[in-house]
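# Working through the structure, step by step
Single-letter residue listing:
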Amino acid sequence: MSEQQIIAVVGATGAQGGGLVRAILDDRGGRFAARALTRDPGSARAGELAALGVEVVGADLDDAGSLRRAFDGAHGAFVVTNFWEPRTPEEERARPATTKEREQAGNAARAGREAGVRHFVWSTLSDTRGYFRPGDGTPSFEGSYKVPHADGKAEADRFFLESGVPTTFLQANVYYEAFQDMFAPRRDETGALVLPLGFGEAGVAAQAAEDVGRTALGIFRQGNGMAGRRVSVAGAVLTGAQYAAALSLALGEPVTYQAVSPDMIRAAGFPGAGEVGNMLQYLIAAAPDIAELIDFELLRELNPRLQSFDAWLAVHRDTIPR
């Protein structure tokens, strides 16, 4: 067999990058080998990957030189940035998370070009700002951003376009795993299970975390024919009531959908409430456009193991709090 081509995986110890590394490991006789990039090669998760035979390399998205060395000899590179990385208030004031993500994406795009990477898969999101009206009373952040963790990534797309390296733009939607915590059903005052979500009546796309990595591997297999394409990963597009019905079947007791308005979420006052409310308002307003971007035939070609919400629940029902 010819020598395997290397895929350099940024964030290899995280959900998306880790999913890609596992997908490559599951296909050991395949075309690719994973090179796991991590800021801390001595971490427990990095050690677990090394024990499985994965090449683990230290690299930092804030250190262009380390990225250049880590990308050297790689056929492809999967790039993801982490808006939610824990940071001190001082760090956030000195460099907002959106600025950090743009700079890190630029570093990765330039390093990949210099190293001769032949295919990028860049984990991005859509710019939400076109779905908000000027003066509509919704908060803005860091100037003009409405959903900073999405808008900043969308702005960073240009670095990969400008790099000249063939790039596929991969977009995750809501994670099924959110139903294990943030979106988990709750007991109301009568003891009945309710699902309080800000989905309105919209169909909201979602997928299992591991299906993001599996889809990325499928994109690398397809090669440069995927260059310039935008792939939105989803195993289901369901309304809040339909998610509740699926949970009812999986948990063996009724779960009732309880619509919560984005305004109510913004007014809740928890850290990040304004952005979460804006994100949910975007998901409602953009639902038709998000659904149009999802190509289930392509997704199943890229990832034959793509999981529906029902299939995911069959495996994970015991992890749903109730």
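Refer to the preceding data block for the structure.
These figures come from a predicted structure and were not determined experimentally.

Here we come to empty space enclosed by the protein. Inspection of every chain in the model, using the stated rule, returns one cavity of 30 Å³ or more. Here the largest cavity defines a volume of roughly 30 Å³. As for the largest cavity, its lining consists of Gly203, Val204, Ala205, Leu283, Ala287 and Ile290. Sorting the residues of the lining of the largest cavity by element identifies strand S10 (204-207) and helix H11 (287-293) as the ones contributing at least two each. Counted by class, the lining of the largest cavity contains five nonpolar, one polar and no charged residues.

Across the seven residues that make up strand S2 (residues 32-38), a large majority, six, are buried. Sheet topology places strand S1 (residues 5-9) next to S2; five bridges connect them, and they run parallel. Across the sheet, the residue bridging to Gln5 is Phe32, located in S2. Where the polypeptide runs from S1 across helix H1 (residues 15-26) and back to S2, its parallel neighbour, the crossover connection is right-handed. Across four bridges, S2 lies against strand S3 (residues 55-58) in parallel orientation. Across the sheet, the residue bridging to Leu37 is Val57, located in S3. For the handedness criterion, the β-α-β arrangement of S2, helix H2 (residues 44-51) and S3 is classed as right-handed.

Taking 1.5 Å as the rise per residue, helix H8 (residues 240-251) with 12 residues should run 16 Å; its terminal C-alpha atoms sit 16 Å apart, in good agreement. Of all the residues in H8, the buried ones are Gly240, Tyr243, Ala244, Ala246, Leu247, Ser248, Ala250 and Leu251. Buried residues belonging to H8 abut strand S9 (193-197), S10, strand S12 (236-238), strand S13 (255-259) and helix H13 (309-316). Backbone geometry just downstream of H8 places Gly252 in the positive-phi region, at approximately 80 degrees.

Turning next to the packing of helix H5 (residues 97-115) against helix H6 (residues 148-163). Two numbers describe how H5 lies on H6: the axes approach to 9 Å, and their chain directions differ by 20 degrees. On the basis of their axis angle, the class for H5 and H6 is roughly parallel. In this structure, H5 meets H6 at a crossing whose hand is right-handed. Between H5, through Thr98, Glu101, Arg102, Ala105, Gly106, Ala109, Arg110 and Arg113, and H6, the contact on the second element is made entirely by Pro148, His149, Gly152, Lys153, Glu155, Ala156, Phe159, Phe160 and Ser163.

All right, on to the sheet that holds S9 then. Read across the sheet, three strands follow the order S8-S9-S13 without closing on themselves; strand pairing throughout is mixed. Every other strand in the sheet has two partners, leaving strand S8 (186-187) and S13 as the edge strands with one partner each. Of the strand pairs in this sheet, S9 and S13 are connected by five bridges, and their pairing is parallel. Counterpart to Leu197 in the pairing with S13 is Ala259. Strand contacts of H8: S9 and S13, with the helix running at about 160 degrees to S13, the strand carrying the most contacts.

Criteria and thresholds
Residues numbered from 1 in each chain as written. Predicted model: local features only at pLDDT ≥ 70, side-chain atom pairs only at ≥ 80, totals over all residues. Heavy atoms only, no water. 1 Å grid on protein atoms, 1.4 Å probe; cavity = no way out; pocket = protein on both sides within 12 Å on 5 of 7 lines; lining within 4 Å. Points joined across faces, edges and corners; volume = space filled by probe spheres on them. Helix = DSSP H or I, 4+ residues; strand = E, 2+ residues; numbered from the N terminus. Nonpolar A, V, L, I, M, F, W, Y, C, P; charged D, E, K, R; others polar. Buried < 20%, exposed > 50% of the residue type's maximum accessible area, 1.4 Å probe, protein only. Pairing = 2+ DSSP bridges. Right-handed = clockwise from strand over helix to strand, strands pointing away. Expected span 1.5 Å × (residues − 1). Contact = heavy atoms within 4.5 Å. Axes fitted to C-alpha atoms, helices over the stretch in contact; angles between N-to-C directions. Parallel < 35°, antiparallel > 145°, perpendicular 65-115°, else oblique. Left-handed = near helix turned anticlockwise from the far one by under 90°.

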